[in-house]
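Below are the chains, spelled out letter by letter.
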Amino acid sequence: MSKVRVLAGTRKGAFVLTSDGARDDWEISGPHFAGWEIYHMKGSPADPDRLWASQSSGWSGQVIQRSDDGGQTWAPVGNKFAYNGTPGTHQWYDGTPHPWEFARVWHLEPALDDPDTVYAGVEDAGLFRSADGGQTWAELNSLREHDSGPSWQPGAGGMCLHTLLLDPSAPGRMFAAISAAGAFRSDDAGTTWRPINRGLQSEGIPDPDAEVGHCVHRLAMHPDRPGVLFMQKHWDVMRSDDAGESWREISGNLPTDFGFPIDVHAHEPDTIYVVPITSDAEHFPPEGKLRVYRSRTGGDDWEPLTRGLPQQHCYVNVLRDAMAVDSLDECGVYFGTTGGQVYASADAGDTWAPIVRDLPAVLSVEVQTLP
Amino acid sequence: MIRVVLPAHLRILARAEAEVQLEVTGPVTQRSVLDALEARYPMLEGTIRGHDGGPRRAFIRFFACEQDLSHEPPDDPLPSPVAAGTEPYLIVGAMAGG
């Protein structure tokens, strides 16, 4: 019988949640790396027992952990993230030049076909790659060195590269998103990059055709249809049908189009999920009701999913990397909150139940579907 | 032997006891002690100071013999009781940063 393994990174450690395919009864392991921030954990598609975790703290900086046995044991690997050459400056919040400084790894994206290769999206925004199981890291520096780089500014959470999508149909094509620079695409395995933000409209940017400067919160793609991208922007939910060449808004009837995560149903490329959040100033659900919104039409037309979710006095947030789907026949959907709950739906979002209620603030959720 | 006391979060990372004992060849300085510590526990590289012997991380402090040595030059000799192994060299997580 199939199993699922949920990897939850939190403000104070990592948790591994496992269940059989029924997804009713959960075994909870953790905290791993207690006391450290775990920005992201993810398993290799090429070897599901190989897991990666980004571990960091204000005291001691960045550590990368690797497990080769599905999260039962872990060992630290290389943690030297050195920008290539002299990294130069980007804009600081006040518009002055600010040196590029490594802060932490936000996102780890394992290669699709090689368990020893993994990408790391970091703050200050840059992309690194390891091809030796995490022992050493090399920057794919042309992204940071894009002509627009000196004009990039941090979002409120820092200037982070938080999303990396690998196109399974076109080796070498990848999509990255940076707050608050925007979305970028490479067609040559990260050797060159170009912004793909045409059609984004962002308050605070006077130029409606601005190439960069957009606060993209998250990108999502269905692996069977990688030319279609979905985006949760600071405000606005967006869609591209041409691999990012152009975007159109699909916020439709959402109660608010501010939010962080966005994800796609495992078997229905036009079924997508977001969690509307009141505003950039009020990082909690509208009316204190935690609602996932689902569109079965690829956007514009959305329905609230509320069964099993708190519908009063709920003031948590759901962060950008804290939603994921499994690939069982009935698609499971998962998300974690800043209040420490990890919710699961075994029926594509129709009903929800918490797997755990009282973890530290959840920073990321990933799911593995196992044989 | 030089005695080094690690903060709890690094003790767990290194899978080490609270106090580790290190053989240091040559002058006993903060740099030589940290070099020996990182040679024994490579996973601590970058967590106390920058890689390749870089500067102390902002929220890590170094104490010994009731003195704060955090701002002392890394190549200055450590107090003789540390070099003699009668007093430990303390690596401390500052009361901030966590």
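These numbers were taken from a predicted model, which means no experiment stands behind them. (Residues numbered from 1 in each chain as written. Chains lettered and ligands numbered in written order. Predicted model: local features only at pLDDT ≥ 70, side-chain atom pairs only at ≥ 80, totals over all residues.)

Our focus in this paragraph is the overall build of chain A. When its secondary structure is counted, chain A shows zero helices and 30 strands. Its C-alpha atoms give chain A a radius of gyration of 19 Å, within 12% of the compact-globule value 21 Å for 371 residues. Counting over 371 residues, chain A shows a buried share of 51%. Restricting to contacts in chain A with at least 6 residues of sequence separation, those with at least 24 account for 50%. (Helix = DSSP H or I, 4+ residues; strand = E, 2+ residues; numbered from the N terminus. Rg over C-alpha atoms; globule rule 2.2 N^0.38 Å. Buried ≥ 20, exposed ≤ 12 C-beta atoms within 10 Å, placed from the backbone. Contact = placed C-beta atoms within 7 Å.)

Another aspect to go through is the sheet that holds strand β1 (residues 3–10) of chain A. Within a sheet, adjacent strands bond to each other through the backbone by hydrogen bonds, running parallel or antiparallel. All names here are of chain A. Spatial strand order, β3-β2-β1-β30: four strands in an open sheet with antiparallel pairing. Pairing within the sheet leaves two strands with one partner each, and these edge strands are β3 (27–32) and β30 (362–370). Neighbouring strand axes in the sheet, compared pairwise and without regard to direction, differ in orientation by 15° on average. Of the strand pairs in this sheet, β1 and strand β2 (residues 13–20) are connected by eight bridges, and their pairing is antiparallel. Its bridge partner being in β2, K3 is matched across the sheet by D20. (Pairing = 2+ DSSP bridges. Axes fitted to C-alpha atoms, helices over the stretch in contact; angles between N-to-C directions.)

In this section: the interface of chain A and chain B. It is common to report an interface's size as the accessible area lost on association of the parts. Contacts between the two partners involve 12 residues from chain A, matched on the other side by 13 residues from chain B. With three residues, strand β6 (residues 61–67) of chain A is the largest single contributor of residues to the side of chain A that touches chain B. Counted by class, the side of chain A that touches chain B contains four nonpolar, seven polar and one charged residues. (Nonpolar A, V, L, I, M, F, W, Y, C, P; charged D, E, K, R; others polar.)

Along helix α2 (residues 30–40) of chain B, the residues classified as buried are Q30, V33, L34 and L37 of chain B. Mapping the buried residues of α2 of chain B onto a view down its axis gives an arc of 95°, with all of them on the same face. (Arc of directions from axis to C-beta.)

Before going further, it helps to spend a moment on the pairing of strand β22 (residues 258–264) of chain A. Residue and element names in this part refer to chain A. For β22, a buried count of seven out of seven residues is recorded, marking the element as mostly surrounded by other parts of the structure. Sheet topology note: the β22/strand β23 (residues 272–277) ladder contains five bridges and is antiparallel. Along β23, the bridge assignment pairs G259 with P276.

Next up on the list: the confidence of the model for chain B. Model confidence for chain B is summarised by a mean pLDDT of 95, while 98% of its residues fall at 70 or above. Interface confidence for the predicted complex, given as ipTM, is 0.93, next to a pTM of 0.96. (pLDDT = per-residue confidence, 0-100.)

In this structure, V6, M231, Y334, V342 and V365 of chain A are the most contacted members of the largest nonpolar core, which totals 124 residues. Not counting residues up to four positions away in its chain, the partners in contact with V365 of chain A are V6, A8, A322, M323, A324, Y334, F335, G336 and V342 of chain A. (Core = buried A, V, L, I, M, F, W, Y, C linked by C-beta atoms within 7 Å.)

So, about the pairing of strand β14 (residues 160–166) of chain A. Residues and elements named next belong to chain A. By the criterion of burial, β14 is predominantly enclosed, with five of the seven residues buried. Examined bridge by bridge, β14 and strand β15 (residues 174–179) share six bridges and lie antiparallel to one another. In the sheet register, L161 faces β15, and the bridge partner there is I178.

Turning to the sheet that holds β23 of chain A, a few remarks are in order. Residue and element names in this part refer to chain A. The strand order across the open sheet formed by four strands is β22-β23-β24-β25, and the pairing between neighbours is antiparallel. With partners counted over all chains shown, the strands left at the sheet margins are β22 and β25 (303–305), one partner each. Each neighbouring strand pair of the sheet contributes to a mean axis angle of 30°, computed without reference to strand direction. One ladder, built from three bridges, connects β23 with strand β24 (residues 292–295); its direction is antiparallel.

Another point: unusual backbone geometry. Residues and elements named next belong to chain A. Cis geometry is adopted by the peptide bond preceding P31, which originates at G30 and carries an omega value of 0°. Within the fold, P31 resides in strand β3. The linkage connecting E123 with the following residue, D124, adopts the cis geometry, with an omega of -10°. By the element assignment, D124 lies in the loop between β11 (118–123) and β12 (126–130). A positive phi angle, near 75°, is found at D300, a position not held by glycine. Mapped onto the elements, D300 comes out in the loop between β24 and β25. Positive phi is not limited to glycine here, since A348 has a value of about 65°. Among the structural elements, A348 can be located in the loop between β28 (342–345) and β29 (353–356).

This brings us to the environment of V105 of chain A. Residues and elements named next belong to chain A. Mapped onto the elements, V105 comes out in strand β10 (residues 104–110). Through-space distance from the C-alpha of V105 to that of I38 is 9.4 Å; in sequence the pair is 67 residues apart. With residues up to four places along the chain from it excluded, the contact list for V105 reads Y39, S54, Q62, I64, A120 and V122.

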